[in-house]
Protein chains: 2
Amino acid sequence: MILLKGAEVSSKLKAEVTAVVSAMEGHIPTAAIVRVGERPDDLSYERNAMKKIASFGMEARSFVFPEHISEEEFEREFRAINENPEIDGILLFRPLPSQIDSRLPERMIDPRKDLDGISPINSAKIFAGEKDGFAPCTAEAVMEILKAYEIDPAGKRVVVIGRSMVVGRPLSMLLLNANATVTICHTRTKDLRAVCREADILVAAAGKVGMVTAEDVLPGTVVIDVGINVDENGKLCGDVKWDGIEDVASAATPVPGGVGSVTTAVLAKHLCMAAARR
Amino acid sequence: MILLKGAEVSSKLKAEVTAVVSAMEGHIPTAAIVRVGERPDDLSYERNAMKKIASFGMEARSFVFPEHISEEEFEREFRAINENPEIDGILLFRPLPSQIDSRLPERMIDPRKDLDGISPINSAKIFAGEKDGFAPCTAEAVMEILKAYEIDPAGKRVVVIGRSMVVGRPLSMLLLNANATVTICHTRTKDLRAVCREADILVAAAGKVGMVTAEDVLPGTVVIDVGINVDENGKLCGDVKWDGIEDVASAATPVPGGVGSVTTAVLAKHLCMAAARR
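Nothing here was measured: the structure is a model prediction, and the numbers come from that model.

1. Looking at the relation of the copies chain B and chain A
Here is step 1 of the chain: The transformation that overlays chain B on chain A combines an axial shift of 0.0 Å with a rotation of 180 degrees, and the residual RMSD is 0.0 Å. What the rotation and shift describe, once combined, is the action of a two-fold rotation axis. The C-alpha atom lying nearest the rotation axis in chain B is that of B:Thr183; the distance is 2.0 Å.
Here is step 2 of the chain: Looking at the interface residues of chain B, 100% of them are also at the interface in chain A, so both copies use one shared face.

Shown next, in the form of structure tokens:
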């Protein structure tokens, strides 16, 4: 079984991005990373994103607002970041605290600065198969892994478990645009195992520890684990139960070190693209 | 086999819509039907749409522009219609002639007046599973047929052949939002027959005469034919070759008299909704 290592995919993305950045002759693409409150997950992702962007030769500025900021004040602050000509791209951590309508930044964000594809303008582009939109970074990370390992989804049966707007739905459309035959599964799917066993490429993006096991996988399947969960021992783990997977799958992404590790590299790639397009 | 007749679905929609319209106390929902040029298909659909809207107790005004109208002039005219407070909803025939960028009206149209779901704001809502957007009428016509005949897609395997933004993609999302397990097929799908035979509900929306035959259908399948084609004898026909379908399918939509006949009723329903929301 081939281990689909995120680090190798990130290295390829780094080479692509740094080549483009160095051709920009002095302009350093700059991201705004916007956080409300101090959620540990956000802090950890923020550190990784800042580090990744810097290691790709670009700049990231952190904008932090207190948990109890009013919607009105957040709107004013977010508008200033959105309109700041020095900022090429924006990553906003979500969910936002309940006093702020999540639709507000989705509608406000300049689609050209929308690094994580939260704007309806970008999601409509992904839905329609247009090439000039930003997809959510995690969904695109899966596509980058397939590309880096030369696994072409065209003509393949791909089963995606999960229908979120962060992974399942946009990833299904990216795969469809790459000419895969896509089946979207979810909590209401009957006989999930039978559906999984139709897959040439099986994507687990349900956010449930160990929901895919070796019995769901036929010999030769490529298994992509998008889950990032913490098990009962406090250990990071995916949606795929690893026992026995190596004996059936032809390739699989580990957790950690798989999809999650590519997400920040895609974020950096999007920043570079956003700056290049301006 | 149950014949899923469009006329019965339209009657139900008419009853729903006229009840809402009569409660509006004097305001008559008014549609603008916007056509550029004189394509026979458009003329025929326009006649049907005007008739349907009138028969549902509402009003439709036709706006016709010459085939060679400049983009600039079209933009000015379309803006006036879009901003006209007497107009509750707009149907624009497409494709537009090549001198007009098709993105222009998609971006301009007020999403609240967008009866056929061409705005990216509406397609993003359909993609995300939000309830307050307008889907393309043909896609929603399929959902109305399933609803009228009490065929609940929840937990069912649904196979959609076709990935257009008018039917395949939005319909897949409407079905997903109704908790179906959805597989999207297209020209690059391998062994289409095997995939079709997984379906509890099979939707043919490829625009290809006779591409689905009785051999693609397992006993008990519900067959929905979205195709509107003209065969070599000049006769209207769908994507489904009818011979033998009656012996296997549990239910099927005819062509003509199936999905196509419900589309204008959905258009009228959208007009009523658009007026009610204002």
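2. Here we look at the interface of chain B and chain A
Here is step 1 of the chain: At the junction of the two partners, chain B supplies 35 residues and chain A supplies 35 residues.
Here is step 2 of the chain: Among the residues chain B hides against chain A, the three largest losses belong to B:Phe127, B:Arg169 and B:Leu176. Together they make up 22% of the total.
Here is step 3 of the chain: Remark: the boundary between chain B and chain A carries four salt bridges.
Here is step 4 of the chain: The shortest N-O distance in the salt bridge between B:Arg103 and A:Glu130 comes to 3.3 Å.
Here is step 5 of the chain: Linking chain B with chain A are 19 residue pairs in polar contact (both at pLDDT 80 or more), by the criterion used here.
Here is step 6 of the chain: Residue contributions to the side of chain B that touches chain A peak at eight residues, all from helix α5 (residues 120–128) of chain B.
Here is step 7 of the chain: Along the lines of polarity and charge, the residues of the side of chain B that touches chain A split into 16 nonpolar, nine polar and ten charged.
Here is step 8 of the chain: Where strand β6 (residues 181–185) of chain A meets strand β6 (residues 181–185) of chain B, three bridges bridge the pair, whose relative direction is antiparallel. When the sheet's bridge partners are listed, A:Thr183 is paired in β6(B) with B:Thr183.

3. Focus on the UniProt feature "domain: Tetrahydrofolate dehydrogenase/cyclohydrolase catalytic" (unreviewed entry) in chain A
Here is step 1 of the chain: According to UniProt, the feature "domain: Tetrahydrofolate dehydrogenase/cyclohydrolase catalytic" (unreviewed entry) maps to residues 4–116 of chain A in the numbering used here.
Here is step 2 of the chain: A helix fraction of 46% and a strand fraction of 16% characterise residues 4–116 of chain A, whose end C-alpha atoms lie 23 Å from each other.

4. Considerations on the UniProt feature "binding site: NADP(+)" (unreviewed entry) in chain A
Here is step 1 of the chain: Under the feature "binding site: NADP(+)" (unreviewed entry), the UniProt entry names A:Gly162, A:Arg163, A:Ser164 and A:Ile228.
Here is step 2 of the chain: Within the secondary structure, A:Gly162 is located in the loop between β5 (157–161) and α7 (168–177).
Here is step 3 of the chain: The contacts of A:Gly162, once residues within four sequence positions are left out, are A:Gly168, A:Ile184, A:Cys185 and A:Ala205.
Here is step 4 of the chain: Position of A:Arg163 among the secondary structure elements: in the loop between β5 and α7.
Here is step 5 of the chain: Every residue in contact with A:Arg163, bar those within four places of it in the chain, is listed here: A:Gly168, A:Arg169, A:Ile184, A:Cys185, A:His186, A:Thr187, A:Arg188, B:Leu176 and B:Asn179.

5. Observations regarding the sheet that holds strand β4 (residues 89–92) of chain A
Residue and element names in this part refer to chain A.
Here is step 1 of the chain: Strand order across the open sheet formed by three strands is β3-β2-β4, with parallel pairing between neighbours. The open sheet is flanked by β3 (59–65) and β4, the only strands paired with a single partner. For this sheet the average axis-to-axis angle between neighbouring strands, irrespective of direction, equals 20 degrees.
Here is step 2 of the chain: As paired elements, strand β2 (residues 30–36) and β3 share seven bridges and run parallel to each other. Bridged to Val34 within β3 is Phe63.

6. Side note on the confidence of the model for chain A
Here is step 1 of the chain: Per-residue confidence for chain A gives a mean pLDDT of 97, with 100% of residues at or over 70.
Here is step 2 of the chain: Of the two predicted TM-score estimates for the complex, the pTM is 0.97 and the ipTM is 0.96.

7. Brief notes about the environment of A:Ala31
Residues and elements named next belong to chain A.
Here is step 1 of the chain: Within the element layout of this structure, Ala31 appears in strand β2.
Here is step 2 of the chain: Linking Ala31 and Gly168, residues 137 residues apart in sequence, is a C-alpha distance of 26 Å.
Here is step 3 of the chain: When neighbours within four sequence positions are excluded, Ala31 is seen to be in contact with Ile53, Glu59, Ala60, Arg61, Ile87, Gly89, Leu115 and Leu271.

8. Details of the pattern of salt bridges
Residue and element names in this part refer to chain B.
Here is step 1 of the chain: A complete count under the given rule lists 38 salt bridges over all chains for this structure.
Here is step 2 of the chain: The partner of Asp110 in a salt bridge is Arg112, with the nearest N and O atoms 2.9 Å apart.
Here is step 3 of the chain: Classification of Arg112 as exposed rests on a relative accessible area of 61%.
Here is step 4 of the chain: A salt bridge links Lys125 to Asp132, with the shortest nitrogen-to-oxygen separation between them at 3.3 Å.

9. Considerations on the packing of aromatic side chains
Residues and elements named next belong to chain A.
Here is step 1 of the chain: Scanning all chains against the criterion turns up seven aromatic pairs over all chains.
Here is step 2 of the chain: Each ring, one from Tyr45 and one from Phe93, has its centre 6.0 Å from the other, and the planes form 85 degrees; the classification is edge-to-face. On the criterion of sequence distance, the pair formed by Tyr45 in helix α2 (residues 40–55) and Phe93 in the loop between β4 and α4 (103–108) is long-range, its members being 48 residues apart.
Here is step 3 of the chain: The partly exposed category is assigned to Tyr45, whose relative accessible area is 23%.
Here is step 4 of the chain: When the centroid spacing of 5.6 Å and the interplanar angle of 25 degrees are considered together, the rings of Phe74 and Phe78 count as stacked. With Phe74 and Phe78 both in helix α3 (residues 71–83) and four residues apart, the pair spans about one turn of that helix. For the pair shown, Phe74 and Phe78 are each scored as buried.
Here is step 5 of the chain: By way of ring pairs, the aromatic residues Phe65, Phe74 and Phe78 are connected into one cluster.

Rules and cut-offs
- Residues numbered from 1 in each chain as written.
- Chains lettered and ligands numbered in written order.
- Predicted model: local features only at pLDDT ≥ 70, side-chain atom pairs only at ≥ 80, totals over all residues.
- Heavy atoms only, no water.
- Least-squares fit on C-alpha atoms with pLDDT ≥ 70 in both.
- Contact = heavy atoms within 4.5 Å.
- Buried area = accessible area lost by both parts, 1.4 Å probe.
- Salt bridge = Lys/Arg side-chain N within 4 Å of Asp/Glu carboxyl O.
- Polar contact = N/O pair within 3.5 Å; in protein donor to acceptor, adjacent residues only side chain to side chain.
- Helix = DSSP H or I, 4+ residues; strand = E, 2+ residues; numbered from the N terminus.
- Nonpolar A, V, L, I, M, F, W, Y, C, P; charged D, E, K, R; others polar.
- Pairing = 2+ DSSP bridges.
- UniProt positions renumbered as here; feature names shortened; annotations may be inferred.
- Axes fitted to C-alpha atoms, helices over the stretch in contact; angles between N-to-C directions.
- pLDDT = per-residue confidence, 0-100.
- Buried < 20%, exposed > 50% of the residue type's maximum accessible area, 1.4 Å probe, protein only.
- Phe/Tyr/Trp six-rings, centres within 6.5 Å; stacked < 30°, edge-to-face > 60°.

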